[in-house]
Amino acid sequence: MLTHFLPIMESAGKRFKKRSLVRAKKAEPGLHVITMTSDGFETQNTAEKGDWLVENQTSAKERYLVKAETFEKKYTLMDSLGNGWGCYRPKGEVYALEVTKAELEKLGAKDSLEFQAPWKETIIVKSGDFLVIPLEKNEIYRIARKEFTQTYEQIKE
């Protein structure tokens, strides 16, 4: 997926930054997290030592796990909230591209396409969703359309 979409992102993708704050705390190893978005099940993951549990401030309040080294690069503590939770400001940018039916068809898919997410679980992308690649260009993942529009804003150049 990264090999296919990286050249497309570099030519047609736009740069975005996450605008909404998140809640987060260190995850207990073994914690099983099922990520649900407004359109249903997205993915699942199990916490390892050092992982962070992140909750987006969207209507779905989706939760997901982030590796410690990634979390430190992507978030800055704003305020402690108690019980280990903190309020964090996102930092950094991503390339993002809305997925079209035509793009799915080029990959041999009709309505959706399954691929392996960076955390080694299957993720499904559908027409209208966004594919996101960090500026480091080292991974690709899906964000459901509603959650993307609730949390990201395009960087005007």
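For clarity, every value in this text was computed on a predicted model and none was experimentally measured. (Residues numbered from 1 in each chain as written. Predicted model: local features only at pLDDT ≥ 70, side-chain atom pairs only at ≥ 80, totals over all residues. Heavy atoms only, no water.)

## Quick notes on the pattern of salt bridges
Pairing is possible between side chains of opposite charge, provided their charged atoms come close. Overall, the coordinates contain 14 salt bridges when judged by the stated rule. Taking the shortest distance from any N to any O, the salt bridge between Glu93 and Arg15 comes out at 2.6 Å. Here Arg15 lies in strand E1 (residues 14-18) and Glu93 lies in the loop between strand E8 (85-90) and strand E9 (94-98), a separation of 78 residues in the sequence. Accessibility expressed as a relative area gives 27% for Glu93, which makes it partly exposed. Where Glu55 meets Arg63, a salt bridge forms, and the shortest distance between an N and an O atom there is 3.0 Å. Residues participating in the shared-partner salt-bridge network are Asp39, Glu42, Lys126, Asp129 and Arg142. (Salt bridge = Lys/Arg side-chain N within 4 Å of Asp/Glu carboxyl O. Helix = DSSP H or I, 4+ residues; strand = E, 2+ residues; numbered from the N terminus. Buried < 20%, exposed > 50% of the residue type's maximum accessible area, 1.4 Å probe, protein only.)

## Topic: the packing of aromatic side chains
By convention here, two paired aromatic rings are described through the distance between centres and the angle between planes. The final tally for this structure, using the stated rule, is seven aromatic pairs. Ring centres of Trp52 and Tyr88 lie 5.7 Å apart, and the angle between their planes is 75°; on these two criteria the pair is classed as edge-to-face. A residue pair is termed long-range when its members are at least 10 positions apart, and Trp52 in strand E5 (residues 52-56) and Tyr88 in strand E8 qualify at 36 residues. By relative accessible area, which is 11% here, Trp52 ends up buried. If you follow Arg23 out to its NZ or CZ, it ends over the ring of Trp85, 4.0 Å from the centre. (Phe/Tyr/Trp six-rings, centres within 6.5 Å; stacked < 30°, edge-to-face > 60°. Lys NZ or Arg CZ within 6 Å of the ring centre and 35° of its normal.)

## Quick notes on the nonpolar core
For soluble globular proteins, the rule of thumb is that nonpolar side chains tend to be buried together. Within the largest apolar cluster, 16 residues are counted, with the highest numbers of intra-cluster contacts made by Met9, Leu104, Phe115, Val125, Leu131 and Ile140. Looking at this core, the elements with two or more residues in it are helix H1 (2-12), E9, strand E10 (112-116), strand E11 (122-126) and strand E12 (130-134). Here the element with the most residues in this core is H1; it accounts for three residues. In this structure, Leu131 is in contact with Met1, Phe5, Met9, Tyr95, Ala96, Leu97, Val99, Phe115, Val125, Ile140, Tyr141 and Arg142, ignoring residues within four places of it in sequence. (Core = buried A, V, L, I, M, F, W, Y, C linked by side-chain atoms within 4.5 Å. Contact = heavy atoms within 4.5 Å.)

## Section: the environment of Ile143
Mapped onto the elements, Ile143 comes out in strand E13 (residues 141-143). You can call Ile143 buried: its relative accessible area is 12%. For the pair Ile143 and Glu42, spaced 101 residues apart in sequence, the C-alpha separation works out to 8.8 Å. When sequence neighbours within four positions are dropped, the list of residues in contact with Ile143 reads Glu42, Asp129, Phe130, Val132, Phe148 and Tyr152.

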